[in-house]
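# Topology and contacts: notes
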Amino acid sequence: MKRFLAIATVAASVVLAASVAPASRSSPSADCSLTRTGLTPLTDMGKRRYRGYRGGLYPGGVNRPPQKYLRSALAAAKRVRPINGRIVLLSLGMSMASNEFSAFKRSADRDPQKNSSVVVVDGAQDGFDSRRARSQPAFWDNADQRLADAGVTPEQVQAVWLKEAVAGEQRRFPRDARGLQSDLRAILRIMRARYPNVKLVYLSSRTYGGYAITGLNPEPAAYDSAYAVRGIIQERIQGKLKGPHLLWGPYLWTDGLAARSDGLAWTCDDVEEDGTHPSKSGVQKVVNQLTTFFKTDPTAKRWYVARPL
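Residues numbered from 1 in each chain as written. Predicted model: local features only at pLDDT ≥ 70, side-chain atom pairs only at ≥ 80, totals over all residues. Heavy atoms only, no water.

## Points about the overall build of the protein
Counting its secondary structure elements, the protein contains ten helices and seven strands. Seen through its principal axes, the protein has C-alpha atoms that stretch 55 × 45 × 35 Å. Out of the 309 residues in the protein, the part that is buried amounts to 55%. Considering only intrachain contacts with a sequence separation of at least 6, the fraction spanning at least 24 residues in the protein is 78%. Looking at the protein as shown, the accessible area adds up to about 13,100 Å², and 52% of this sits on carbon and sulfur atoms. Averaging the positions of the 46 positive and the 27 negative side-chain charges in the protein gives two centres separated by 10 Å. (Helix = DSSP H or I, 4+ residues; strand = E, 2+ residues; numbered from the N terminus. Buried < 20%, exposed > 50% of the residue type's maximum accessible area, 1.4 Å probe, protein only. Contact = heavy atoms within 4.5 Å. Areas by Shrake-Rupley, 256 points an atom, 1.4 Å probe, with all protein chains shown as cover. Lys, Arg positive; Asp, Glu negative; His and termini not counted. Charge placed at Lys NZ, Arg CZ, Asp CG, Glu CD.)

## As for a positive patch on the surface
Together, K78, R81, R302 and R307 give the surface a local cluster of positive charge. For R81, a relative accessible area of 54% gives the class exposed. (Patch = residues over 30% accessible without salt bridge, like charges linked within 9 Å, V, L, I, M, F, W, Y side chains within 5 Å. Salt bridge = Lys/Arg side-chain N within 4 Å of Asp/Glu carboxyl O.)

## Description of helix α9 (residues 280-296)
Helical periodicity: at 3.6 residues per turn, an α-helix aligns residues three or four positions apart in one direction. Relative to the 24 Å expected for 17 residues at 1.5 Å per residue, α9 spans 24 Å between its end C-alpha atoms, a close match to the ideal helical length. Taken as a whole, α9 has its buried residues at G282, V283, V286, V287, L290, T291, F293 and F294. (Expected span 1.5 Å × (residues − 1).)

## Describing the state of the cysteines
The tally for this structure, following the rule as stated, stands at one disulfide. The disulfide partner of C32 is C268, and the gap between their sulfur atoms is 1.9 Å. The chirality of the disulfide connecting C32 with C268 is left-handed, given an S-S dihedral of about -75°. With C32 in the loop between α2 (12-18) and β1 (49-50) and C268 in the loop between β7 (245-248) and α9, the pair connects residues that are 236 residues apart, well separated along the chain. C32 gets classed as partly exposed once you look at its relative accessible area, which sits at 41%. (Disulfide = S-S within 2.5 Å.)

## Remarks on the pairing of strand β4 (residues 118-122)
Judged by how many residues are buried, β4 sits mostly within the fold: five of five residues are covered. Neither face of β4 is left uncovered, since the one carrying V118, V120 and D122 and the one carrying V119 and V121 both have all their residues buried. Bridge count for strand β3 (residues 87-93) against β4 is five bridges, and the pairing is parallel. Within β4, the residue paired with S91 across the bridge is D122. Handedness of the crossover joining β3 and β4 through helix α4 (residues 95-109): right-handed. (Pairing = 2+ DSSP bridges. Right-handed = clockwise from strand over helix to strand, strands pointing away.)

## Here's the deal with the sheet that holds β3
Pairing in this open sheet of five strands is parallel, and the strands run β4-β3-β5-β6-β7 from one edge to the other. Unpaired on one side and paired on the other, β4 and β7 mark the two borders of the sheet. Between one strand and the next, the sheet's axes are offset by a mean angle of 20°, whatever the strand orientation. Direction of pairing for strand β6 (residues 200-204) relative to β7: parallel, over a ladder of four bridges. By the bridge assignment, Y202 is partnered in β7 with L247. Contacts from helix α3 (residues 67-78) reach β6 and β7 within the one sheet, and its direction differs from that of β7 by about 110°. (Axes fitted to C-alpha atoms, helices over the stretch in contact; angles between N-to-C directions.)

## Brief notes about empty space enclosed by the protein
Counted under the stated rule, the structure contains three cavities of 30 Å³ or more. Its residues assigned to classes, the lining of the second largest cavity comprises six nonpolar, four polar and one charged. (1 Å grid on protein atoms, 1.4 Å probe; cavity = no way out; pocket = protein on both sides within 12 Å on 5 of 7 lines; lining within 4 Å. Points joined across faces, edges and corners; volume = space filled by probe spheres on them. Nonpolar A, V, L, I, M, F, W, Y, C, P; charged D, E, K, R; others polar.)

## Focus: the confidence of the model for the protein
This prediction gives the protein a mean pLDDT of 92; 91% of its residues lie at or above 70. Across residues 1-26 the pLDDT falls below 50, and counting only partners more than four positions away or on other chains, this stretch makes 48 contacts in the model. (pLDDT = per-residue confidence, 0-100.)

## Comments concerning the packing of aromatic side chains
A full pass over the atoms with the stated rule returns 24 aromatic pairs. Ring geometry for Y50 and Y223: centres 5.0 Å apart, planes at 85°, overall edge-to-face. Linking Y50 in strand β1 with Y223 in helix α8 (residues 221-237), this pair joins segments that are 173 residues apart in sequence. Owing to a relative accessible area of 8%, Y50 belongs among the buried residues under this scheme. Judged by relative accessible area, which is 1%, Y223 ranks as buried. An angle of 25° between the planes, with centres 6.4 Å apart, marks the rings of F104 and Y304 as stacked. Of the two residues, F104 sits in helix α4 while Y304 sits in helix α10 (residues 301-304), which places them 200 residues apart along the sequence. According to the relative accessible area criterion, F104 is buried, its value standing at 1%. (Phe/Tyr/Trp six-rings, centres within 6.5 Å; stacked < 30°, edge-to-face > 60°.)

Okay, structure coming up:
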């Protein structure tokens, strides 16, 4: 933990520079010594707790949404239909999300199993952590421009993949998670106004951050971000938020080389020199997770997967 706190106190100027793009090849290499933290992925926690908080992706320590909420989300999924011939799946988030989703888009665009009506658009952007995304109109204007470049409109956006983090996070849990949750709440309110037909928002938290050499978003902030995602989804389940249904997308965190129950591990080769942004192999792991999710999740596959001829 001391190492985590020391990393998190890197000067703000370094943090802001790192938030713009992955480190260049001339930068110092990632710190490959922290191959695991001893933390347990939320999906594998069972009855264990993290600083008094239960694991699981959804309330009650489980990894599936409550049945009543799931039924409501499935009903929303049935209403996802082409608007002027198109269903837009848009990503929103920071540079890491853009690295991952832009690669997913390239893969999805070649995939014959994808519904031909679905247009995948990467709206995530370098340099826009959760605080900047909620406060700077440029983030949303840029996303709208990417929609226009793809030949679609904000009104055609019906599903969103949202992945955000706080650059330079120094607060200790649970304050860090609560801060990110507040940002996500504000982002979702803006999203609801700008994309009036969005019905489903899938959220993911950070990948493993133990190899980081900057204070951008190392451990345990990367791990803690899952509690922000779970918290905002719980608000929607409890009716404290209105608008689109909020659900987990793929849960991406695993404890470094200590593979989680489904076999996912995160090696030092999976990150760039800054130890944070995913390398080619790390991006591919996230692409695999996204592809599997959209083809198998009951609320996503109905509109994402092409129907047999």
